[in-house]
Amino acid sequence: MARVYNFSAGPSTLPEEVLKKAAAEMLDYKGCGMSVMEMSHRSAIFEEIINGAESLLRELMGIPDNYKVLLLQGGAWSQFAMVPLNLMNGSGKADFVLTGQWAVKAYQEAQKYGQANAVASSKDKTFSYIPKLDPDTFTKDADYFHICVNNTIYGTKFNTLPETGNVTLVGDISSCILSEPLDVTKFGLLFAGAQKNLAPAGLTIVIVREDLIGNARDITPTMFDYKTHADNGSMFNTPPCYTIYMCKLVLEWIKNTIGGVEKMKEYNEAKAKILYDYLDSSALFKGTVVPEDRSLMNVPFVTGDADKDAAFVKAAASAGFVNLKGHRSVGGMRASIYNAMPIEGVQALVDFMKDFEAKNV
Ligand SMILES: *Cc1c(COP(=O)(O)O)cnc(C)c1O
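Just so we're clear, the structure is a prediction, and the values are computed from it rather than from any experiment. (Residues numbered from 1 in each chain as written. Predicted model: local features only at pLDDT ≥ 70, side-chain atom pairs only at ≥ 80, totals over all residues. Heavy atoms only, no water.)

**Thoughts on the overall build of the chain**
Here is the rule we go by: Numbering goes from the N terminus for both helices and strands, where a helix is a DSSP run of H or I of at least four residues and a strand is a run of E of at least two. Each residue gets one of three labels from its accessible area relative to the maximum for its type: buried under 20%, exposed over 50%, partly exposed in between, using a 1.4 Å probe on protein chains only. Any two residues whose heavy atoms approach within 4.5 Å at even a single point are treated as in contact. All accessibility values rest on the Shrake-Rupley procedure with a 1.4 Å probe; residue burial counts only the protein chains present in the view. Neither His nor the chain termini are counted; the positive set is Lys and Arg, and the negative set is Asp and Glu. By convention, the point assigned to a charge is CZ for Arg, NZ for Lys, CD for Glu and CG for Asp.
A count of helices and strands for the chain gives nine helices and 14 strands. With respect to the three principal axes, the spread of C-alpha positions in the chain is 60 × 60 × 30 Å. Burial analysis of the chain (361 residues in total) assigns 57% to the buried set. The contacts in the chain between residues at least 6 apart in sequence include a share of 69% that link residues at least 24 apart. Carbon together with sulfur atoms contributes 51% to the accessible area of the chain, which is approximately 15300 Å² in total. For the chain, the centre of its 35 positive side-chain charges and the centre of its 41 negative side-chain charges are spaced 4 Å apart.

Here it is in structure tokens:
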């Protein structure tokens, strides 16, 4: 078996320990004679899995009791509609910080349902920084204020959260969930597609304060109403059973193998430092993001020469470092170094880059 180092932005690498456990339990989950993907979601054995996943997530993220955890389908994208359908119900206004493609998509989708305002943008420099925010420019009576906490494509992250006062803060944490501690109480609602940092594709996690549930617009489809799922323990209809099981295994790995989210952060910082330190000293490669806003999870970099970039991506793939091609809007390369990327993978990538640099400057 030859596993590569997979730097994909998503779906992305999963802990090898988790994949092995899932493989061992594939045909016969804990003596029940079937795979988790074959069992009824109403069975006691699956109930144990879904409840276990939720309580581990609550424990690891420190989610207070007055928040519901919803395990849904539809991807982060569906939340771009579900959030306004459920929350844009007072003034019909919401504020957005445009820090990249995912924030822009959320902003555009919300325009279908109400007045979406862009309070700041970093588009002028290809989203390579987080704009400084002036609370005086925020909409005082907005129903919510949306940010994308970690910008997957551009490699930036909010290190300081906006001060929105009484306005509900909504955070897209698709590409940074459980990468480091996050104060859930600062947000009214958090959501994440699980396929970046937690599980295979198919699961969308929503963490929502209870007072924000139950005010959906009349036209809201049943499946898009948070109340539907909150009232039914995420089992209104068939949940993404196998992905929830995989997510539970990843949460157990974070808790038991890594030692919790604080340790996960230390590990992620150590990994990111290896790569950023090299980028800052390299004569060939350079990072595209201003140092103070750099992501721990997604690291875009360029040589400044499209042909050299392409040659590097190709050579890296042959050497077992795959999915390093950058997003088309940035060009160059991007290494996504999510929770499950081992530090050995980042070190080996940097060694390979040094070697490539020695031959190409
Ligand atoms: C990947 C991603 C999305 C889109 O997720 P889907 O689950 O494919 O809908 C949205 N926001 C962020 C920050 C992402 O990284």
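**A few points about the pairing of strand 14 (residues 333-336)**
Sheet faces and side chains relate simply in a regular strand, where the side chains alternate between the two faces. This is how it is decided: At least two DSSP bridges between two strands are needed for those strands to be called paired.
A two-sided burial pattern is seen for strand 14, the buried positions comprising M333 and A335 on one face and R334 and S336 on the other. In this sheet, strand 14 lies alongside strand 12 (residues 298-302) in antiparallel orientation, the contact comprising four bridges. Counterpart to F301 in the pairing with strand 14 is M333.

**Topic: the sheet that holds strand 14**
Across the sheet, three strands lie side by side as 11-12-14; this open sheet has antiparallel pairing. For this open sheet the edge positions go to strand 11 (286-287) and strand 14, each flanked by a neighbour on one side alone.

**Observations concerning the pattern of salt bridges**
Our working rule: One speaks of a salt bridge when a side-chain nitrogen belonging to Lys or Arg is within 4 Å of a carboxyl oxygen belonging to Asp or Glu.
A full pass over the atoms with the stated rule returns 17 salt bridges. Note that E16 and R3 form a salt bridge whose closest N and O atoms lie 3.4 Å from each other. Within this pair, whereas E16 is found in helix 1 (residues 16-24), its partner R3 is found in the segment before strand 1 (5-6), the two being separated by 13 residues in sequence. Classification of E16 as partly exposed rests on a relative accessible area of 37%. Among the salt bridges present, the one from D231 reaches K227, with a minimum N-O distance of 2.6 Å. Residue K227 is classed as partly exposed on the basis of its relative accessible area of 36%. Through salt bridges with shared partners, one network takes in R3, E16 and K20.

**Details of the sheet that holds strand 8 (residues 169-172)**
Defined as follows: Here an angle of 0 to 180 degrees is reported between the N-to-C directions of two axes, which are lines fitted to C-alpha atoms, with helices fitted over the stretch in contact.
Taken together, seven strands build an open sheet; the order of strands is 2-10-9-8-5-3-4 and the sheet is mixed. Because the sheet does not close on itself, it has two edges, and the strands there are strand 2 (67-72) and strand 4 (115-121). The mean angle between the axes of side-by-side strands here comes to 20°, regardless of whether they run parallel or antiparallel. Contacting strand 2, strand 9 (189-193) and strand 10 (204-209), helix 2 (residues 44-61) crosses the sheet at an angle of about 130° to strand 2.

**Section: the pairing of strand 10**
Strand 10 sits mainly inside the fold: five of its six residues count as buried. By the bridge criterion, six bridges tie strand 2 to strand 10 in an arrangement that is antiparallel. Residue pairing for strand 10: V69 is matched across the bridge by I207. Where strand 9 lies against strand 10, five bridges are found, and the strand directions are antiparallel. Across the sheet, residue L190 finds its bridge partner in strand 10, namely I207.

**Description of the site of the ligand**
Under the convention used in this document: By convention in this text, a residue qualifies as near a molecule or strand provided that one of its non-hydrogen atoms is within 4 Å of it. Think of a polar contact as two N or O atoms within 3.5 Å of one another; within protein, one of them needs to be a possible hydrogen donor and the other a possible acceptor, and neighboring residues in sequence only count if both atoms come from side chains.
Taken together, 13 residues lie around the ligand, and W77, T152, D172, Q195 and K196 are the ones closest in. Here an oxygen atom of the ligand and a backbone polar atom of A76 are 3.0 Å apart. Here an oxygen atom of the ligand and a backbone polar atom of W77 are 2.9 Å apart. Compared with its free state, where it exposes 390 Å², the ligand has 87% of that area covered by protein.

**A few points about the nonpolar core**
Applicable threshold: By convention a nonpolar core is built from buried Ala, Val, Leu, Ile, Met, Phe, Trp, Tyr and Cys residues, the set being connected through side-chain atoms within 4.5 Å.
Residues M61, L178, L198, F285 and F312 are the most contacted members of the largest nonpolar core, which totals 88 residues. No other element matches the 12 residues that helix 6 (residues 241-258) contributes to this core. Ignoring any residue separated from it by four or fewer positions in sequence, one finds L198 in contact with L14, I177, L178, I205, M246, C247, V250, L251 and I254. Formed by 32 residues, the second largest nonpolar core is a distinct cluster that contains M82, F127, Y154 and V208.

**Points about the state of the cysteines**
Note the threshold: Criterion for a disulfide: a pair of cysteine sulfur atoms at a distance within 2.5 Å.
Here the structure, examined in full by the defined rule, presents zero disulfides. In this model C176 remains outside any disulfide bridge; the closest cysteine sulfur is found in C148, 7.5 Å from its own. Here C241 stays unpaired: no disulfide links it, and the sulfur of C32, its closest cysteine neighbor, is 13 Å away.

**Considerations on the packing of helix 8 (residues 306-318) against helix 9 (residues 343-360)**
Rules: Roughly parallel covers angles under 35 degrees, roughly antiparallel covers those over 145, roughly perpendicular covers 65 to 115, and oblique covers all other angles. In this scheme, a crossing is called left-handed if the near helix is turned counterclockwise away from the far one by less than a right angle; it is called right-handed if the turn is clockwise. Charged residues are taken to be Asp, Glu, Lys and Arg, nonpolar residues to be Ala, Val, Leu, Ile, Met, Phe, Trp, Tyr, Cys and Pro, and polar residues to be all remaining types, Gly included.
Between helix 8 and helix 9, whose axes approach to 11 Å, the crossing angle comes to 135°. Taken as axis vectors, helix 8 and helix 9 run oblique relative to one another. The two elements helix 8 and helix 9 meet at a crossing, and its hand is right-handed. Taking contact as the criterion, the partners of K308, A311, F312, A315 and A316 in helix 8 are, on helix 9, L349, F352, M353, F356 and N360. Per-class residue counts for the contact of helix 8 with helix 9 are eight nonpolar, one polar and one charged.

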